[in-house]
Amino acid sequence: MKFSFTDDQRLFAEGLRELLANECPPTLVRDVWENGTGHSPELWAHLSGMGVLSMLAPEADGGMGGSFVDAILLFQELGRAAVPGPVLEHMAVAVPALASTTFGASLIAGDSIATLWVDDSPYVAHAGVADLILRDDHVLESFQSTDAHGMDGGRRLFTVSGGDRTDATPNVAGLDPFDAMALASAAYLIGLSERMIEIAAEYARVREQFGKPIGSFQAVKHLMSDALLKVEFAKAPTYRAAFSASIGADTMVRDISMAKALASEAAYRTSRSTMQVHGGIGYTWEADLQLFMKKSWALMRSYGDANFHRRRVSGFVLA
Amino acid sequence: MDLRETADESAFRLEARTWLEANVPAEPLPSFDTAEGFARHRQWEKKLYDGRWSAVSWPEQYGGRGADYIKWLIFEEEYYRAGAPGRVNQNGIFLLGPTIMEVGTEAQKERFLPTMASSEIVWGQAWSEPNAGSDLAGIKSKALRDGDDWILNGQKIWASRAVWADWCFGIFRTDPEAERHRGLTFILCPLDLPGITVRPIAQLDGDTGFAEIFFDDVRVPVENTLGEVNKGWGVAMATAGFERGVSLRSPARFSEAVNRLVALWKRLGDKSDTALADAVTDVWMQAEGYRLHTYQTVTGMLEGRPIGAEASLNKIFWSEMDVRIHEIALQIIGPEAERMEGPLERWVDGFLFSLSGPIYAGTNEIQRNIIADRVLQLPKGM
Ligand SMILES: Cc1cc2nc3c(=O)[nH]c(=O)nc-3n(C[C@H](O)[C@H](O)[C@H](O)COP(=O)(O)OP(=O)(O)OC[C@H]3O[C@@H](n4cnc5c(N)ncnc54)[C@H](O)[C@@H]3O)c2cc1C
């Protein structure tokens, strides 16, 4: 029994953090919100170059040959930077599911961009920048997409019609795409939460009222500590879910659901608390916090919200 | 990362399980907060010691097995699974023991650890005072040097199991000039010395689970000092780290409690009440999350990443989870939850006890302050 990441896994994640600190600062996220694309080709190229996008593709197909344990800290780092665009859909589902198909090579190289259309969802996130859409039994190309005005400018929503179909049954190491995305989103939500806490802690150190930094007030301290508590205790379950997925454990669906339920709730609590700590400025378009909050509100509802996943855990635990 | 047990770990689990199945008393022992219950628990500890199960993570020379923390967690899982008795010497074995190993002299280790492991000596913790609880650094009880002795004077309170315990570990002010955290010394003291009065205090459940200890010119040799003179605060914080961190509340305790809760829900829960099912699932996830978090912490410790102020997160998490587990149980139990004796009394008892968790080992408000100051690096409050 060993519950830790290897040095290689940690170093790779640190490398990604550094890359994103330079290449995906909040100003970039804001730019892609405001230019209406919700995607940055330059950033995409960096992620591809580092091998992030192809982490879950087999080496034989030109990928990094990693498992979900190798990828989970990367999802978390992507969340810390609120990386815009279909990076999770592409990386956690399309690449591993289609690696050995005719679509594989260009997806692995990052030359084409894929997103996911979950079964009964009326909307497809990121369809406007995607070359192909993965569905439950086919791949769609040359489709029409219409803006549905999503709240998160880095995860734009569309309705999709038409398109050319190619049969395919996506499966990611025994998981269906929905579950692979639930797992990736759980880690991404944890990263978002960590960043929101960092931003609010920094603000609490510098903003003064009554002649003191607001972070010295106990009500502020306790809001922040409680948010951190939820986030820290969502981590181990998320890493465990990644391990379960990597070995195809009997419990992997339960474990993923537990992770997504906890991470969704932690992120929501964190968004509320960190916004409160900001006072009026937290309610502005200008504050960077919104880039992270809105992403968390979008993802906590996607690929199953906390209630959905809690009930799925119930199905296993109370059966 | 590999969350599967190794063959060696599974063999250890099996050995523990086999021993416990053969030795755990069939009937639950009476509460250790009664004279008879205390004596019976001491006997049980002796039996554990004879099987070398009382302090599995300690070195063999002091009665342990030199087991690593992962094995210790496995042992704890088996211990709770077997429904084995509560640990009457937990303040000794889980708090003072590790502290002695960290800062004690060789002579102190030889002298105190084996009798602690066997519970020939049961220990109480004498830190809190009537006017120094959360503000522990404000303690007033004094130790004045007289030749080779300390002369102790003052009053301690809330010392768990001190009514029947043999020795206590206390912190005393040894430099009256020094401010607060400075000038404190960690001293080990028998509880049957002349000048000591132990006055039992009944807890919420009516049993005398803790005590006041009065020191009136009590003489103890200076060799009973643990760590350096006037550096007792640092020693106490090491002990508190063990307490809040992993050792006092191992995850197995809560895993076992939620398993019982799920069984209770299956037997008595209103299945049409989806909010209730959600609540049970929520605490199940919390207990599982705490277990996973602990395995992660412990692996980090084994790999040389010790736990710091994050231990305060654990303290809040387990204590609030424990309250929640019992709140839900009482909700399921309904009218029976008003009875202190009856077939479901264990849940009612457990509920009362769970309410003390957010208070002892440093209140949860204090833990939140610690997290904010040391983990989140927020500016100190007033
Ligand atoms: C079951 C049980 C067993 C115990 N066993 C032992 C033992 O074996 N040995 C021992 O020495 N002690 C023991 N204690 C004592 C325990 O450590 C203290 O009760 C605890 O530290 C709180 O101190 P207090 O009771 O003086 O409360 P106070 O410090 O008076 O606190 C009262 C309230 O004020 C809040 N408060 C105080 N200061 C602050 C602050 N700065 N910021 C925010 N809120 C604050 C507290 O959180 C609490 O809600 C035990 C207590 C219990 C309940």
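Conventions adopted
Residues numbered from 1 in each chain as written. Chains lettered and ligands numbered in written order. Predicted model: local features only at pLDDT ≥ 70, side-chain atom pairs only at ≥ 80, totals over all residues. Heavy atoms only, no water. Helix = DSSP H or I, 4+ residues; strand = E, 2+ residues; numbered from the N terminus. Rg over C-alpha atoms; globule rule 2.2 N^0.38 Å. Buried < 20%, exposed > 50% of the residue type's maximum accessible area, 1.4 Å probe, protein only. Contact = heavy atoms within 4.5 Å. Buried area = accessible area lost by both parts, 1.4 Å probe. Salt bridge = Lys/Arg side-chain N within 4 Å of Asp/Glu carboxyl O. Polar contact = N/O pair within 3.5 Å; in protein donor to acceptor, adjacent residues only side chain to side chain. Nonpolar A, V, L, I, M, F, W, Y, C, P; charged D, E, K, R; others polar. Domains from an automatic or database assignment. Core = buried A, V, L, I, M, F, W, Y, C linked by side-chain atoms within 4.5 Å. Near = heavy atom within 4 Å. Areas by Shrake-Rupley, 256 points an atom, 1.4 Å probe, with all protein chains shown as cover. Axes fitted to C-alpha atoms, helices over the stretch in contact; angles between N-to-C directions. Parallel < 35°, antiparallel > 145°, perpendicular 65-115°, else oblique. Left-handed = near helix turned anticlockwise from the far one by under 90°. Patch = residues over 30% accessible without salt bridge, like charges linked within 9 Å, V, L, I, M, F, W, Y side chains within 5 Å. Lys, Arg positive; Asp, Glu negative; His and termini not counted. Charge placed at Lys NZ, Arg CZ, Asp CG, Glu CD. Phe/Tyr/Trp six-rings, centres within 6.5 Å; stacked < 30°, edge-to-face > 60°. Pairing = 2+ DSSP bridges.

Trainee: It is not clear to me how the overall build of chain B should be interpreted in this structure. Could you clarify?
Mentor: The secondary structure content of chain B amounts to 11 helices and eight strands. Over its C-alpha atoms chain B spans a radius of gyration of 21 Å, differing by no more than 12% from the 21 Å that the globule rule assigns to 382 residues. If one aligns the C-alpha atoms of chain B with their principal axes, the spans along those axes are about 70 × 45 × 45 Å. Of all 382 residues assigned to chain B, the portion counted as buried reaches 57%. Long-range contacts, defined here as pairs at least 24 residues apart, represent 71% of the contacts in chain B between residues at least 6 apart.

Trainee: I'm lost on the interface of chain B and chain A in this one. Help?
Mentor: You'll often see interface size given as the accessible area lost when the parts meet. On the chain A side, the residues contacting the 48 residues of chain B number 42 residues. Both faces considered, chain B and chain A share a buried interface measuring about 4400 Å² in area, 68% of it formed by carbon and sulfur atoms. In terms of surface lost to chain A, no three residues of chain B exceed Met1, Leu3 and Met285 of chain B, which account for 18% of the buried area on that side. Counting across the chain B and chain A interface gives six salt bridges. With its nearest N and O atoms 3.5 Å apart, the salt bridge here joins Lys2 of chain A to Glu303 of chain B. Applying the counting rule to chain B against chain A returns 21 residue pairs in polar contact (both at pLDDT 80 or more). Those elements that provide at least two residues to the side of chain B that touches chain A are helix H7 (251-268), helix H8 (274-302), helix H9 (311-333) and helix H11 (364-375) of chain B. It is H8 of chain B that provides the largest number of residues to the side of chain B that touches chain A, a total of 17 residues. Looking at the side of chain B that touches chain A, its residues break down into 22 nonpolar, 11 polar and 15 charged.

Trainee: How do you make sense of the domain arrangement of chain B when you look at a structure like this?
Mentor: Here chain B is partitioned into domain 1 (7-88), domain 2 (123-230) and domain 3 (245-375). Relative placement of domain 2 of chain B and domain 3 of chain B: their C-alpha centres are 30 Å apart.

Trainee: Just checking my understanding: could you explain the nonpolar core for this structure?
Mentor: Inside soluble globular proteins, nonpolar side chains tend to come together where they are buried. Ranked by size, the top nonpolar core spans 195 residues in total, and within it Leu47, Phe68, Phe75, Leu78 and Val83 of chain A together with Phe186 and Leu261 of chain B carry the most contacts. Sort the elements by how many residues they give to this core and helix H7 (residues 177-206) of chain A lands first, with 18 residues. Apart from residues no more than four positions distant in its own chain, Leu78 of chain A is found in contact with Leu16, Leu20, Leu47, Val83, Val87, Leu88, Met91 and Tyr188 of chain A. Residues Phe38, Val122, Leu191 and Ala211 of chain B belong to the second largest nonpolar core, which totals 24 residues.

Trainee: So what exactly am I meant to see when it comes to the site of the ligand here?
Mentor: As a structural note, the neighbourhood of the ligand is formed by 19 residues, with Gln125, Ser134, Trp158, Thr363 and Glu365 of chain B the closest of them. Chains contributing residues to the immediate surroundings of the ligand are chains A and B. Here an oxygen atom of the ligand sits 2.8 Å away from a polar atom, N or O, in the main chain of Ser128 of chain B. With respect to the ligand, the side chain of Glu365 of chain B contributes an N or O atom lying 2.7 Å from an oxygen atom. For the ligand, whose free accessible area comes to 970 Å², the fraction covered by protein is 67%. Of all the secondary-structure elements, those providing two or more residues to the shell around the ligand are strand E3 (149-160) and H11 of chain B. The residue inventory of the shell around the ligand, partitioned by class, reads seven nonpolar, 11 polar and one charged.

Trainee: Hey, could you run me through the packing of helix H1 (residues 7-23) of chain A against helix H3 (residues 41-50) of chain A in this one?
Mentor: Helix packing geometry: the angle between the two helix axes and the distance between the axes. Residue and element names in this part refer to chain A. Orientation of H1 relative to H3, taken along the N-to-C sense of each, is 160°, at an axis distance of 11 Å. With respect to H3, the element H1 is oriented roughly antiparallel. You can see that H1 and H3 cross each other, and the crossing is right-handed. Residues Phe12, Gly15, Leu16, Leu19, Leu20 and Glu23 of H1 lie in contact with H3, whose contacting residues are Leu43, His46, Leu47 and Met50. Partitioned by chemical class, the residues of the contact of H1 with H3 number seven nonpolar, two polar and one charged.

Trainee: Would you mind showing me how to read a negative patch on the surface here?
Mentor: A contiguous patch of negative charge on the surface is contributed by Asp119, Asp120, Asp136, Asp137, Asp167 and Asp176 of chain A. Tracing the sequence through the fold places Asp167 of chain A in strand E7 (residues 164-167).

Trainee: Would you take a moment to explain the domain arrangement of chain A for this structure?
Mentor: Residues and elements named next belong to chain A. The assigned domain composition of chain A is domain 1 (7-66 + 83-167) and domain 2 (177-317). Centre-to-centre, using C-alpha coordinates, domain 1 lies 22 Å away from domain 2. Of the residues lining the interface, 17 residues belong to domain 1; the matching set on domain 2 comes to 21 residues. For the pair domain 1 and domain 2, the two sides together bury roughly 1800 Å², of which 66% comes from carbon and sulfur. Of all residues in domain 1, Arg30, Trp33 and Leu88 give up the largest surface area on contact with domain 2, accounting jointly for 33% of the area buried on that side. In this structure, Arg30 and Asp288 form a salt bridge, with 3.2 Å as the shortest nitrogen-oxygen distance.

Trainee: Help me understand unusual backbone geometry, please; the structure alone is not making it clear to me.
Mentor: The general pattern is negative phi for most residues beyond glycine and trans for most peptide bonds. All names here are of chain A. Here the phi dihedral of Ser142 falls at roughly 50°; this positive angle occurs in a residue that is not glycine. Even without being a glycine, Ala173 presents a positive backbone phi close to 50°. Along the chain, Ala173 turns up in the loop between E7 and H7. Accessibility expressed as a relative area gives 57% for Ala173, which makes it exposed.

Trainee: Would you take a moment to explain the packing of aromatic side chains for this structure?
Mentor: To describe a pair of aromatic rings, you give the distance between the ring centres and the angle between the ring planes. All names here are of chain B. Throughout the structure, instances matching the rule amount to 30 aromatic pairs over all chains. Here the aromatic rings of Trp123 and Phe169 are separated by 6.5 Å at their centres, their planes lie at 50°, and the arrangement is tilted. Here Trp123 is found in strand E1 (residues 123-126), whereas its partner Phe169 is found in strand E4 (residues 167-173), with 46 residues between them in sequence. The pair formed by Trp123 and Phe169 is uniform in burial state, with each residue classed as buried. Each ring, one from Phe254 and one from Trp318, has its centre 6.3 Å from the other, and the planes form 20°; the classification is stacked. A residue pair is termed long-range when its members are at least 10 positions apart, and Phe254 in helix H7 and Trp318 in helix H9 qualify at 64 residues. Exposure class is identical for Phe254 and Trp318. Each is buried.

Trainee: Got a minute to help me understand the sheet that holds E7 of chain A in this structure?
Mentor: The pairing of strands in a sheet happens through backbone hydrogen bonds and is either parallel or antiparallel. Residue and element names in this part refer to chain A. Taken together, the four strands give an open sheet; going across it, the order is E1-E3-E4-E7, and neighbouring strands pair in mixed fashion. Across the chains shown, the open sheet's two edge strands, defined by having one partner strand only, are strand E1 (114-116) and E7. Averaged over neighbouring strand pairs, the angle between their axes works out to 25° when direction is ignored. In terms of strand pairing, strand E3 (residues 132-134) meets strand E4 (residues 138-141) through three bridges, oriented antiparallel. Note on E4: the bridge partner recorded for Leu132 is Glu141. The strands that helix H5 (residues 87-98) touches are E1, E3 and E4; relative to E1, the one it contacts most, it runs at about 100°.

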